[in-house]
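Descriptive analysis of the structure
This is what each chain is made of:
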Amino acid sequence: MQAVGGEFGGRYVVAQVRAVGAFGDEGCQQAGQVLFGVADVFALVEEGGQFSAVALPGEVGLGGRDGRGARAVAVFGPRLRKAALTARVTASLGWFGSVAAFLALALAGLTSSSPETVRAAYVAMEVVGWFVIVPLSIATLVTGVVQSLGTVWGLMRHYWVIAKLLITVVATVLLLVHMQPVGHLADAAARAALVGGELEGMGIQLVADAGAAIVVLLTAAGLSVFKPRGMTRYGIRRRRREQGPGMPASV
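Attention here is on the structure that accompanies the text.

The rules behind each value
- Residues numbered from 1 in each chain as written.
- Predicted model: local features only at pLDDT ≥ 70, side-chain atom pairs only at ≥ 80, totals over all residues.
- Heavy atoms only, no water.
- Core = buried A, V, L, I, M, F, W, Y, C linked by side-chain atoms within 4.5 Å.
- Buried < 20%, exposed > 50% of the residue type's maximum accessible area, 1.4 Å probe, protein only.
- Helix = DSSP H or I, 4+ residues; strand = E, 2+ residues; numbered from the N terminus.
- Contact = heavy atoms within 4.5 Å.
- Expected span 1.5 Å × (residues − 1).
- Patch = residues over 30% accessible without salt bridge, like charges linked within 9 Å, V, L, I, M, F, W, Y side chains within 5 Å.
- Areas by Shrake-Rupley, 256 points an atom, 1.4 Å probe, with all protein chains shown as cover.
- Salt bridge = Lys/Arg side-chain N within 4 Å of Asp/Glu carboxyl O.
- Phe/Tyr/Trp six-rings, centres within 6.5 Å; stacked < 30°, edge-to-face > 60°.
- Axes fitted to C-alpha atoms, helices over the stretch in contact; angles between N-to-C directions.
- Left-handed = near helix turned anticlockwise from the far one by under 90°.
- Nonpolar A, V, L, I, M, F, W, Y, C, P; charged D, E, K, R; others polar.
- Bend = angle between axes of the 7 residues up to and from the residue.

A few words now on the nonpolar core. Counting residues in hydrophobic clusters, the biggest one holds 23 residues, and the most contacted among them are Y122, M125, I133 and L206. Of all the elements in the fold, those that place two or more residues in this core are α3 (78–111), α4 (115–150), α5 (159–190) and α6 (196–226). It is α6 that contributes the most residues to this core, seven residues altogether. Sequence-distant contacts of L206, that is, excluding residues within four places in its chain, are made with F102, A106, Y122, M125, V182 and L185.

If you want it as structure tokens, here you go:
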């Protein structure tokens, strides 16, 4: 455990040692998953063929998901952090699902030969848009900002967080803009005032917009899963301050 004391010791870490015995890489991973629920951060250290899990409780630990330096201070406690994550995931999945339903309605309105089906589809699109998609998009934006500010990732530390924030903001703004033609189409369809090329042209636009929204939301989800490397200058400065003089600066 001297290696742990040398690398993580000092006033930044109070290590709690949990011996887990000798096992291979697979055993290390399994033990790590168990201990991850006990402490915020842990490190597996080998000494003389024995592996020990060193839990780093509290607000200071390893950086990110690959152990690159000290982590930032987390504002939320474990329960509040899980609650924020639950709200974020729920809003994001709801947004994606409602956009998929919107796309299905747009395709039905474009391809159906039944006038009743076409009118019903476009009227339903307006209802789904204003009462489901718009609230969920705003909820996704708000919960994303709250979660970033309350966790170790921060809001302006990593490029992938900033990229996801911009995607969400732009998608929400464009959604509000495109809801205007949706309302116009729904009103016209309800009165049977749109016929021929005008109806087909607006229907194609709605299908294209919904398809593009699906791609954008999948891109945002991919950023959350893969978390591409890269810290902003602000994030690097914050990490150096949090690491202190006894910790090596790493990105």
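Following the structure, the description resumes.
Here we take up α3. Its 34 residues give α3 an end-to-end C-alpha distance of 49 Å, which sits within 8% of 50 Å, the value for a rise of 1.5 Å per residue. Among all positions of α3, only A84, R88, A91, W95, S98, V99, F102, A106 and G109 are buried.

A grouping of V123, V127, W130, F131, V132 and L176 is seen on the molecular surface, where their side chains present a nonpolar patch of about 510 Å² in accessible area. Among the elements that make up the nonpolar patch, the one with the highest residue count is α4 (five residues). One can find V132 in helix α4.

Another aspect to go through is the packing of aromatic side chains. In the structure shown here, the tally under the stated rule is one aromatic pair. On the numbers, 5.5 Å between centres and 80° between planes, the contact of W153 with W160 is edge-to-face. When its relative accessible area of 9% is taken as the criterion, W160 is described as buried.

The subject of this paragraph is the packing of α3 against α5. Look at α3 against α5: their axes get within 14 Å of each other, and the N-to-C directions meet at 35°. Viewed along their axes, α3 and α5 form a crossing whose handedness is left-handed. Residues R88, W95 and F102 of α3 form the contact with α5, whose own contacting residues are K164, T168, A171, T172 and V182. Of the residues contributing to the contact of α3 with α5, the split by class is four nonpolar, two polar and two charged.

Right, let's talk about α4 for a bit. Look at α4: 51 Å from first C-alpha to last across 36 residues, which is about the 52 Å you get at 1.5 Å a residue. Along α4, the largest kink reaches about 40° and is centred on G129.

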